[in-house]
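Observations on the model geometry
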Amino acid sequence: LRVEVRSERGIIAGLATRIASNKTSIDGIHVEERDAENSVITLTVAVKDRIHLANVMRLVRTMRSVTRVSRPKK
């Protein structure tokens, strides 16, 4: 998942908690700071199917500091 966020304290912990609450494991994480206020977090998650992925994306999208969630093309 590619998650664009407004940088704030605890954003990664919040993402991890939200994703784990949906019985999803995080296999990898990469954070890229765009500027002082915005970052792009790339998460590799293990999901069962497309519906599970859609549910995870919906949960992440509802976080207040998240501005955009997408599934990057390989």
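Before reading further, recall that the structure is shown in the block above.
Residues numbered from 1 in each chain as written. Predicted model: local features only at pLDDT ≥ 70, side-chain atom pairs only at ≥ 80, totals over all residues. Heavy atoms only, no water.

Details of the pattern of salt bridges
- On inspection of all chains with the given rule, the structure shows four salt bridges.
- Two residues, Arg34 and Glu4, come together in a salt bridge whose shortest N-O distance is 3.5 Å. Taken together, the positions of Arg34 in the loop between strand S2 (25-33) and strand S3 (38-46) and Glu4 in strand S1 (residues 2-6) put the pair 30 residues apart, joining distant regions of the chain.
- We classify Arg34 as partly exposed; its relative accessible area is 49%.
- Salt bridges sharing partners connect three or more residues here, namely Arg2, Glu4, Arg34 and Arg68. (Salt bridge = Lys/Arg side-chain N within 4 Å of Asp/Glu carboxyl O. Helix = DSSP H or I, 4+ residues; strand = E, 2+ residues; numbered from the N terminus. Buried < 20%, exposed > 50% of the residue type's maximum accessible area, 1.4 Å probe, protein only.)

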